[in-house]
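One-letter residues, chain by chain:
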2 protein chains.
Amino acid sequence: MAKRESNVDRVYEALRRMAADFAFKPDQRINESALSEVLGASRTPLREALNRLVAEGFLTFQNNRGFFCRPLTPSYIMDLYEARVAVECEAVRLACTRAADEDIAALADYLNRMEPEYESATDPEELLAMDESFHARLAQLSGNSELQRILNNLNGRIRYIRLIDLKRMRDRAGGKAPGDISAHRQIVEGIAARNTEAAVSAMRSHIEKRREEATEAVRIAFSQLYVPDE
Amino acid sequence: MAKRESNVDRVYEALRRMAADFAFKPDQRINESALSEVLGASRTPLREALNRLVAEGFLTFQNNRGFFCRPLTPSYIMDLYEARVAVECEAVRLACTRAADEDIAALADYLNRMEPEYESATDPEELLAMDESFHARLAQLSGNSELQRILNNLNGRIRYIRLIDLKRMRDRAGGKAPGDISAHRQIVEGIAARNTEAAVSAMRSHIEKRREEATEAVRIAFSQLYVPDE
DNA sequence: CCTTGGAATATTGTATGCAGTTTCGAATTC
DNA sequence: GAATTCGAAACTGCATACAATATTCCAAGG
């Protein structure tokens with residue numbers, strides 16, 4: 001069997017990670033030749049991958065000037081969080097109406113199985129992965145693949161900020177990041193009870209609670225990004 | 001002044017129009033060489049544009065097999081409509097909270113100025129353009145550029161179906177497509193009154209009303225797409 | 001010292017060529 | 001006649017080359 005994954009896919013994945021982790025600094029111009037050398041591919045597949053990332057909002061593009069890392073502003077982050085509210089609340093609403101009982105139960109199970117790990121984890125990356133995984137599964141309950149797709153995109157772009165946020169909370173709380181699993185459980189219980197209003201409002205306040213924290217996190221992100229650590 | 005618009009932009013715009021109007025039939029394989037000749041560009045910029053369209057959900061891609069027109073299924077259309085509900089309802093919600101009175105008034109004005117044209121128009125394309133324009137302006141009131149971006153993408157993908165739908169309604173109603181401007185006015189009035197619940201529910205029912213029609217429209221779209229007219 | 005002009009340099013934009021893979025059809029077998 | 005195999009043709013994947021455009025840098029003038 002020959003290779004199944006193409007070069008542009010590999011490059012795309014690498015770039016998405018780099019963009020999500022802000023390996024590029026906001027507004028930084030991206031040098032294609034240098035990057036292609038780092039990634040071990042020529043400029044042709046690299047540019048194809050870069051174009052995908054532009055379409056997904058991870059990067060920007062200017063004619064004859066090339067690709068840039070997206071800027072990072074408080075209002076941009078706010079927009080992303082608000083879009084998450086829109087998508088996830090509707091997903092919850094749909095899940096209440098149409099998710100199968102067994103699928104809801106499976107998600108509740110997942111939450112229970114995860115709880116020990118979630119409560120004991122201190123690594124922000126790990127926590128974030130679990131959190132994102134929960135939200136993705138929740139979106140799956142809606143049965144709507146567009147909502148899942150949009151959420152995946154938003155989470156990718158919001159990822160770095162959430163990481164900053166989690167690290168900050170861990171440092172404040174003395175080595176313990178806050179595993180806010182009760183909010184998740186509340187949402188799932190609302191869905192299980194087919195109580196649309198309760199579930200939606202639980203989701204809304206869960207996300208909105210993060211929003212002000214995120215604004216603060218952006219400020220911190222700025223200081224981490226613009227004061228180079230090398 | 002030299003050219004401001006690059007080749008890939010031009011190609012992208014052309015492709016987006018073609019995809020929105022289903023110049024490609026669902027699941028049809030796209031031949032890069034032939035297409036590049038039609039569009040007057042080499043395969044390199046063409047592929048960059050195609051990659052953007054894949055990222056935006058207009059096309060699909062398979063390794064070593066190339067690009068394909070997206071499939072067209074009732075559940076896919078349903079997903080798009082539901083995503084629209086999510087995005088537009090949240091946009092309305094935000095507009096109620098934070099839009100400036102003068103901007104709301106401007107939208108109401110726009111609606112009034114458009115009304116004669118809207119009521120008298122018989123060309124579905126024209127009607128659709130006006131309708132999309134209204135929804136885009138409404139999303140602008142939210143002040144959230146992510147919601148605007150997502151809506152723009154969803155509308156682009158849903159466009160063909162709405163066109164089929166409008167044409168069908170026109171034919172049924174005897175040369176008169178239904179200018180449902182009252183629903184739009186109701187939404188704007190809700191926002192002007194800062195009555196969030198009223199405005200949101202008006203928006204929700206406005207979009208959802210279209211949904212069942214859309215399912216029927218898909219069936220018709222199928223017959224138009226798979227029975228070639230040439 | 002700041003500004004301006006303009007070559008030198010670096011970077012992007014796109015065409016082209018070739019290697020690798022898939023697709024298609026004709027010949028072959030059952 | 002249907003299924004199968006195999007080779008040719010078509011197509012995609014990617015590297016490379018060169019043209020077009022932007023950026024930098026340095027020198028000259030104010």
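Below, the structure is looked at part by part. Chains are numbered independently. Their residues run from 1 in the order of the written sequence. Each chain is given a letter, starting from A, and each ligand a number, starting from 1, according to the order in which they appear as written. pLDDT decides what is reported in this predicted model: residues at 70 or higher carry local features, side-chain atom pairs at 80 or more are listed and counted, and totals for whole chains, interfaces and linings draw on all residues regardless. With hydrogens and water excluded, all non-hydrogen atoms of the structure serve as input to the side-chain values.

### As for the nonpolar core
The cut-off we apply is this: By nonpolar core we mean a set of buried residues, namely Ala, Val, Leu, Ile, Met, Phe, Trp, Tyr and Cys, connected to one another through side-chain atoms within 4.5 Å. Think of it in three bands: residues with accessible area under 20% of the maximum for their type are buried, residues over 50% are exposed, and the middle band is partly exposed, with areas taken using a 1.4 Å probe on protein chains only. Throughout, a residue-residue contact means that at least one pair of heavy atoms, one from each residue, lies within 4.5 Å.
Core analysis: the biggest nonpolar cluster contains 148 residues, and Leu-15 of chain A together with Leu-15 of chain B have the highest contact counts within it. Setting aside residues up to four positions removed in sequence, Leu-15 of chain A forms contacts with Phe-24, Leu-35, Leu-39, Leu-46, Ala-49, Leu-50 and Leu-53 of chain A.

### Brief notes about the layout of surface pockets
Our working rule: Site definitions follow a grid-based scheme: protein atoms alone, a 1 Å grid, a 1.4 Å probe that fits but cannot get out for cavities, and for pockets an open set with protein on both sides within 12 Å along at least five of seven lines, plus lining residues having an atom within 4 Å of a point. Grid points are joined across faces, edges and corners, and a volume is the space filled by probe spheres set on the points. Numbering of helices and strands runs from the N terminus; a helix is a DSSP stretch of H or I covering at least four residues, while a strand is a stretch of E covering at least two. When residues are grouped by polarity, Ala, Val, Leu, Ile, Met, Phe, Trp, Tyr, Cys and Pro land in nonpolar, Asp, Glu, Lys and Arg in charged, and all others, Gly among them, in polar.
Of the pockets and cavities examined, the largest pocket occupies roughly 770 Å³. Around the largest pocket, the lining comprises 31 residues; the ones closest to its centre are Ala-55, Glu-56, Gly-57 and Asn-153 of chain A together with Arg-149 of chain B. Counting residues per element, the ones that place at least two in the lining of the largest pocket are helix H1 (7–20), helix H3 (43–55), strand E2 (59–62) and helix H7 (145–172) of chain A together with helix H1 (7–20), helix H3 (43–55) and helix H7 (145–172) of chain B. Residue contributions to the lining of the largest pocket peak at six residues, all from H7 of chain B. Of the residues assigned to the lining of the largest pocket, the class counts are twelve nonpolar, seven polar and twelve charged. Taken as a whole, the second largest pocket holds about 290 Å³ of empty space. What lines the second largest pocket is a set of 16 residues, among which Arg-16, Glu-132, Asn-152, Asn-155 and Gly-156 of chain B lie closest to the centre. Going through the elements one at a time, H1, helix H6 (124–141) and H7 of chain B are the ones with two or more residues in the lining of the second largest pocket. Residue contributions to the lining of the second largest pocket peak at six residues, all from H7 of chain B. Of the residues assigned to the lining of the second largest pocket, the class counts are four nonpolar, six polar and six charged.

### Some remarks on the packing of aromatic side chains
Heads up, the rule is: When the centres of two rings from Phe, Tyr and Trp lie within 6.5 Å, Trp using its six-membered ring, the rings pair. Their planes under 30 degrees apart give stacked, over 60 give edge-to-face, and anything left gives tilted. Think of it as a cone above the ring: NZ of Lys or CZ of Arg counts as a charge over the ring if it is within 6 Å of the ring centre and within 35 degrees of the ring normal.
For the structure shown, the criterion picks out four aromatic pairs over all chains. Measuring from ring centre to ring centre gives 4.8 Å for Phe-22 of chain B and Tyr-160 of chain B, while their planes differ by 65 degrees; the resulting arrangement is edge-to-face. Here Phe-22 of chain B, found in the loop between H1 and strand E1 (29–30), pairs with Tyr-160 of chain B, found in helix H7; they are 138 residues apart in sequence, far enough to count as distant. For Phe-22 of chain B, a relative accessible area of 6% translates into the label buried. Between Phe-61 of chain B and Phe-67 of chain B, the ring centres sit 4.8 Å apart and the planes meet at 50 degrees, which makes this aromatic pair tilted. Phe-61 of chain B sits in the partly exposed class, given a relative accessible area of 26%. Classification of Phe-67 of chain B by relative accessible area gives buried; the value is 0%. Geometry around Tyr-110 of chain A places Arg-137 of chain A over its ring, the cationic atom sitting 4.0 Å from the centre. A cation over an aromatic ring shows up here: Arg-52 of chain B above the ring of Tyr-12 of chain B, its NZ or CZ 4.2 Å from the ring centre.

### Things to note about the pattern of salt bridges
The following threshold applies: A pair is scored as a salt bridge if a Lys or Arg side-chain nitrogen falls within 4 Å of a carboxyl oxygen belonging to Asp or Glu.
Considering all chains together, one arrives at 42 salt bridges over all chains under this definition. Measuring nitrogen to oxygen at the nearest pair gives 2.3 Å for the salt bridge that ties Glu-82 of chain A to Arg-98 of chain B. Taken as a pair, Glu-82 of chain A in helix H4 (residues 74–98) and Arg-98 of chain B in helix H4 (residues 74–98) lie in two separate chains rather than in one. By relative accessible area, which is 39% here, Arg-98 of chain B ends up partly exposed. One network of salt bridges, in which partners are shared, links Glu-90, Arg-93 and Glu-197 of chain A together with Arg-204 and Glu-208 of chain B.

### A look at the sheet that holds strand E3 (residues 66–69) of chain A
Residue and element names in this part refer to chain A. Cut-off, in case you're wondering: By the convention used here, strands pair only if DSSP detects at least 2 bridges between them. Simply put, an axis is a line fit to the C-alpha atoms, just over the touching stretch for a helix, and the angle between two N-to-C directions goes from 0 to 180 degrees.
Taking strand neighbours across the sheet as the criterion, the three strands line up as E1-E3-E2 in an open arrangement whose pairing is antiparallel. Here the strands that pair on one side only, and so sit at the sheet edges, are strand E1 (29–30) and E2. The sheet contact formed by E1 and E3 spans two bridges and is antiparallel. Bridging across to E3, Ile-30 finds its partner in Phe-67. Where H3 meets the sheet, its contacts fall on E2 and E3, and the angle it forms with E2 comes to roughly 110 degrees.

### So, the protein's contact with DNA strand D
This is how the line gets drawn: Any residue with a non-hydrogen atom lying within 4 Å of a molecule or strand is treated as near it. Two N or O atoms form a polar contact when they lie within 3.5 Å of each other; inside protein one atom must be a possible hydrogen donor and the other a possible acceptor, and for residues adjacent in sequence the pair counts only when both atoms belong to side chains.
Near DNA strand D you find 20 residues, and of these Asn-7, Ser-42 and Arg-65 of chain A together with Asn-31 and Arg-47 of chain B are the closest. Ile-30 of chain B has a polar backbone atom sitting 3.0 Å from a phosphate oxygen of DNA strand D. Between a phosphate oxygen of DNA strand D and a main-chain N or O atom of Asn-64 of chain B, the distance comes to 3.1 Å. Taken together, the elements giving at least two residues each to the surface near DNA strand D come down to H1 and H3 of chain A together with E1 and H3 of chain B. No other element matches H3 of chain A, which puts three residues into the surface near DNA strand D. Split into classes, the residues belonging to the surface near DNA strand D amount to five nonpolar, seven polar and eight charged.

### Section: the sheet that holds strand E3 (residues 66–69) of chain B
All names here are of chain B. On the basis of which strands lie adjacent, the open sheet formed by three strands has the order E1-E3-E2 and antiparallel pairing. In this open sheet, the two edge strands, each paired with only one partner strand, are E1 and strand E2 (59–62). H3 contacts E2 and E3 of the sheet and is inclined by roughly 110 degrees relative to E2.

### Looking at the relation of the copies chain B and chain A
Note the threshold: Alignment of copies: least-squares fit on C-alpha atoms of residues with pLDDT of at least 70 in both copies.
Between chain B and chain A, the superposition needs a rotation of 180 degrees and an axial shift of 0.0 Å, giving an RMSD of 0.0 Å. With respect to symmetry, the two chain copies, as superposed, fit the operation of a two-fold axis. Interface overlap between copies is the fraction of interface residues in one copy that are interface residues in the other; for chain B against chain A it reaches 100%, indicating a shared surface.

### Remarks on the protein's contact with DNA strand C
The environment of DNA strand C is formed by 22 residues, the closest being Asn-31 and Arg-47 of chain A together with Asn-7, Ser-42 and Arg-65 of chain B. The sugar-phosphate portion of DNA strand C accounts for 72% of its atoms within 4 Å of the protein, the bases making up the rest. A distance of 2.9 Å separates a phosphate oxygen of DNA strand C from a polar atom in the backbone of Ile-30 of chain A. At 2.9 Å, a side-chain N or O of Thr-44 of chain B approaches a base nitrogen of DNA strand C. Elements with a contribution of two residues or more to the surface near DNA strand C: E1 and H3 of chain A together with H1 and H3 of chain B. Here the residues of the surface near DNA strand C are counted per class, giving six nonpolar, seven polar and nine charged.

### Structural notes on the side chain of Glu-82 of chain A
Take Glu-82 of chain A: its relative accessible area is 2%, and that puts it in the buried class. With near-sequence residues (within four places) excluded, Glu-82 of chain A lies in contact with Arg-211 of chain A together with Glu-90, Leu-94, Arg-98 and Asn-144 of chain B.

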